[in-house]
Amino acid sequence: MMLKNSFSLVSCFFLLAFATSCASLVEVTAIEQFSKAIENEDLKSLKHHTTMKFSKVALRDKSSMDDLKILKIPTGETTIVEITDISENHKKVVAEVGKNKKKLLYELKRVSKTGEWVVDDIYINQKQKNLNVMKSVTEQMDLLLTVREFVSAWEEGNRDDILGTTDGEFKDSLEQLHPAFLAKLSNKVAGQSKSSKKKRPDAQLDTNIAIIRLPRRTGEMVISMKLNDGKWKATDVAVESRVDGQHIASAKKQAKMLLTVSKFLDAYNQNDKNELKKYSTGQFFKGGLDFADLKLAALPHSQDAAADYELKIENNLANFVTQNNGKMINLSLIRVESDEIDIPDKYLIEEVTLFQDQGNQQVTLTSLFSTRAITLLFSEALSKRDMKILDFSSTPDFSTRVWKRVAPQLVAQLPLDEITEPGFEILDIQFNGAITKVYARQGNLPVTYILREHLGQLLVDDIHLDLKDRPASVKATLEMMVRVQNYAFSMHEQNIRDLQRHSSRDFNELVWRQVEHVPQTAFNIPELLMSNLASLEINENEGYSRIQLGNKERGATVLFIKQQGQYVVDDIMINSDSAVSRYLSTKKELRMSMAATSGTLKQNAVQAAYTISNQSDAGNSTSPQPVTVPEIQPAAFEVPQQEP
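Per-chain numbering applies: the sequence of each chain, read as written, is numbered from 1 onward. With the structure being a predicted model, the display of local features is reserved for residues of pLDDT at least 70 and the display and counting of side-chain atom pairs for 80 or more, all residues being used for whole-chain, interface and lining totals. Side-chain measures here rest on the full set of heavy atoms in the structure, leaving out hydrogens and waters.

(A) Representation of the pairing of strand β8 (residues 219–228) in the model. In the sheet, strand β7 (residues 209–216) pairs with β8 via eight bridges, with the strands oriented antiparallel. Bridging across to β8, I212 finds its partner in I223. Where β7 folds back onto β8 in an antiparallel hairpin, the turn is made up of two residues. DSSP-based pairing: two strands are paired if at least 2 bridges between them are found. We count a stretch as a helix when DSSP gives it H or I for four or more residues in a row; a strand needs E for two or more, and each element gets its number in order from the N terminus. Relative to strand β9 (residues 231–241), β8 runs antiparallel, the two sharing 10 bridges. In the strand pairing of β9, M225 is matched with A234. Linkage of β8 to β9, two consecutive antiparallel strands, is achieved through a turn of two residues, within which D229 is found at a positive phi near 55°.

Following this line, the structure appears as structure tokens:
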């Protein structure tokens, strides 16, 4: 009886061992058939020994065998380590495969029709720097095949295929991009890749993010991908090139820049300023585009600009360079970072530069449009004698020397007739660094406005015109005429202090320091000084200026000399047909009036000896000595205040 029981126990042990051996044999067979198909590069056999899911995802392309080699799946002798039955038709098997006995996790499933066990997936442990990730062959093969599809789509340049390989902001920018720009960008990204057999992508995977490096002839392509709803899509691509001009740090950023350029050019050519405002910086739009006549400066259309362009990027700045009718145009972009996390950064056009004369001359749209605007504004202000606008639109030098010196009561008397004739027209503009010349016509008179850059703003510095017996500079002419008119006003107002400040030492010694009121003469000198300008001579080398007013029968000639760097009145020659000599010295007339009219001199003042040459006779002891009077220096002696 005991022998019978022992036989039964042994029989059960062998039956159990046989059953386990049979089960292991099933798994080993499935795994070894899969491995043999890989070794033989037999795609048909491989599909036969895998599930439909595995075949559709991992074996969907003819190049699948090449990508399986990249994964380096171990093949050879297989030893089963552990079997876990998930269900009647589903197993998880841990096996040691190959000479190195690398452990792999296989998922096996039984085909319902044939009852045969086949491979559904394999999991390989990937060690990458600080990562230790289990990734299935299906996922990895899907990624590698997606990379090939990405490269193929960008090489062929089909718009729908390209968009189908991308996702997120990258796809949004590409979808809006002008077809010509997208075609050009795809061509630059694809470049010259190595032959398909030599493409060996290096993929680094995390849970749902992958970085793939793919060799190119002149460098490599780096594709950033993200797994979304079970599909890998590119979120960006970079091209690292050993050839200058072919490096692309981020195709997503370039797409955003090109989209901004495309939208800007479309809005510009459609004269749509509402759209222009969206793609321009506030300073650029307000400083030039908002008030400009865009027809004055032609820019290319999007498709034309995309035909041949170069995009240079440095940090947050970029320059888009293209051609328009053989002339180079540069659109400068700046990245505007958002304070909100969920709002992406954007790029805006901050300036457009036009290159002319084979690149020797360049002008920005801001300069071009603001030049016209400031010139037209200045011309209108001259006609209206609007001192606030003239001061605002002039350089500090022009304002200090002219507009700030005009007495409010004399604004209407400014001698501006020649440059305020009706019919102002701009003919041409020439830019030369900080100086811009605007050639125009004022009625029938050619005029040239000189604009100078000051603190980043173009301002009128002078006006040049060609008139007989006058300086070409309107600024120089007005500066002297304002002095004359202010002098006349001071005489009319009996302002001895101002007369002293703007007269020569000789004039002061002989007249103004000895009187409290302007002596009466037979001539209305202030009225004569307000006569029309006949001629003006300025001799900087000799330090004098001569201004003729009115005519020979009735007028005056004002003589200025330079003292301490400023022009002051030395005498006024009266032109009168009632005088014997026709020309009378104001200094002499005033001296005669002082001698003839009692009470004219200051108390205790003694008249100084008169001499037209301003040279006293030191040897004549009988000559009356003038009483010393506190000297009031001319305004020319004062240091002009600096503008803030």
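(B) Geometry of the sheet that holds strand β14 (residues 361–364). What the five strands build is an open sheet, ordered β10-β11-β12-β13-β14; its pairing is antiparallel. Each end of this open sheet is capped by a strand with a single partner; those strands are β10 (309–314) and β14. The sheet shows a mean angle of 25° between the axes of neighbouring strands, taken without regard to direction. Contacting β10, β11 (317–324), β12 (327–336) and β13 (346–356), helix α9 (residues 251–269) crosses the sheet at an angle of about 60° to β13. Every axis corresponds to a line fitted to the C-alpha atoms, with the helix fit spanning only the stretch in contact, and the corresponding angles, defined between N-to-C directions, vary from 0 to 180 degrees. Contacts between residues were defined by any pair of non-hydrogen atoms, one from each residue, lying within 4.5 Å.

(C) Spotlight on the nonpolar core. Grouped together as the largest cluster of nonpolar side chains are 124 residues, with contacts concentrated most on F264 and L365. Not counting the four nearest positions on each side in its chain, F264 is found in contact with L276, Y279, S280, F284, L289, L299, L331, I349 and V352. Within the second largest apolar cluster, 32 residues are counted, among which are V484, A488, Y567 and L584. The criterion is simple. A nonpolar core is a set of buried Ala, Val, Leu, Ile, Met, Phe, Trp, Tyr and Cys residues joined through side-chain atoms within 4.5 Å. Note on classification: 1.4 Å probe, protein chains only; a residue is buried when its accessible area is under 20% of the maximum for its type, exposed when over 50%, partly exposed between these limits.

(D) Highlighting empty space enclosed by the protein. Grid points spaced at 1 Å over the protein atoms alone were grouped into cavities, where a 1.4 Å probe fits but cannot get out, and pockets, open sets with protein on both sides within 12 Å along at least five of seven lines, with lining residues defined by an atom within 4 Å of a point. Grid points are joined across faces, edges and corners, and a volume is the space filled by probe spheres set on the points. Counted by the stated rule, this structure contains two cavities of 30 Å³ or more. Estimates place the volume of the largest cavity at around 110 Å³. In terms of lining residues, the largest cavity is bounded by 13 residues, among which P415, L465, R470, V474 and T477 are the most central. Ranked by the residues each element gives to the lining of the largest cavity, the list is headed by helix α16 (residues 474–492), at three residues. Any residue outside Ala, Val, Leu, Ile, Met, Phe, Trp, Tyr, Cys, Pro, Asp, Glu, Lys and Arg is labelled polar, Gly included; the first ten of those are nonpolar and the last four are charged. Partitioned by chemical class, the residues of the lining of the largest cavity number nine nonpolar, two polar and two charged.

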